[in-house]
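Architecture and fold: a report
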Amino acid sequence: MPALEFVVKKILHYMPILFGLLFLGPLIAQSMDRLGWPAPPGLSTLTFGLIIGGTWGLFAFFRGSWIWARP
């Protein structure tokens, strides 16, 4: 297996976690800032967004779906 193919497969395997951290986390933080919602005491909005986004990404990674309730 060529090295580039190996790297791409590994990145795509962990894509839900990366998406949660690199897209959803900053999006949540920016939305909270824009709406004027404070983060929990002791956390910045970015830290809080990364926690929520990362947790949701881990959940999607292990569950295999972004949706919590499946029929």
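Just above sits the structure.
Structure report, in brief. (Residues numbered from 1 in each chain as written. Predicted model: local features only at pLDDT ≥ 70, side-chain atom pairs only at ≥ 80, totals over all residues. Heavy atoms only, no water.)

1. Let's talk about the packing of helix H1 (residues 3-13) against helix H2 (residues 15-35)
Here H1 crosses H2 at 65 degrees, and the two axes come no closer than 5 Å. Two secondary-structure elements touch here, H1 through Ile11, Leu12 and His13 and H2 through Met15, Pro16 and Leu18. (Axes fitted to C-alpha atoms, helices over the stretch in contact; angles between N-to-C directions. Helix = DSSP H or I, 4+ residues; strand = E, 2+ residues; numbered from the N terminus. Contact = heavy atoms within 4.5 Å.)

2. Examining the pattern of salt bridges
Here the structure, examined in full by the defined rule, presents one salt bridge. Residue Lys9 is joined to Glu5 by a salt bridge in which the shortest nitrogen-to-oxygen separation is 3.4 Å. On the criterion of helical spacing, the pair formed by Lys9 and Glu5 is a turn pair, its members being four residues apart in helix H1. Looking at Lys9, the relative accessible area reads 49%, which means it is partly exposed. (Salt bridge = Lys/Arg side-chain N within 4 Å of Asp/Glu carboxyl O. Buried < 20%, exposed > 50% of the residue type's maximum accessible area, 1.4 Å probe, protein only.)

3. Quick word on H2
Counted at 1.5 Å a residue, the expected span for H2 with its 21 residues is 30 Å, and the 28 Å between its end C-alpha atoms agrees. Leu24 marks where H2 bends most, by close to 35 degrees; the proline Pro26 follows one to four residues later. By the burial criterion, the buried members of H2 are Pro16, Ile17, Gly20, Leu24, Gly25, Ala29 and Met32. Looking at the buried residues of H2, the elements they touch are H1 and helix H3 (45-63). (Expected span 1.5 Å × (residues − 1). Bend = angle between axes of the 7 residues up to and from the residue.)

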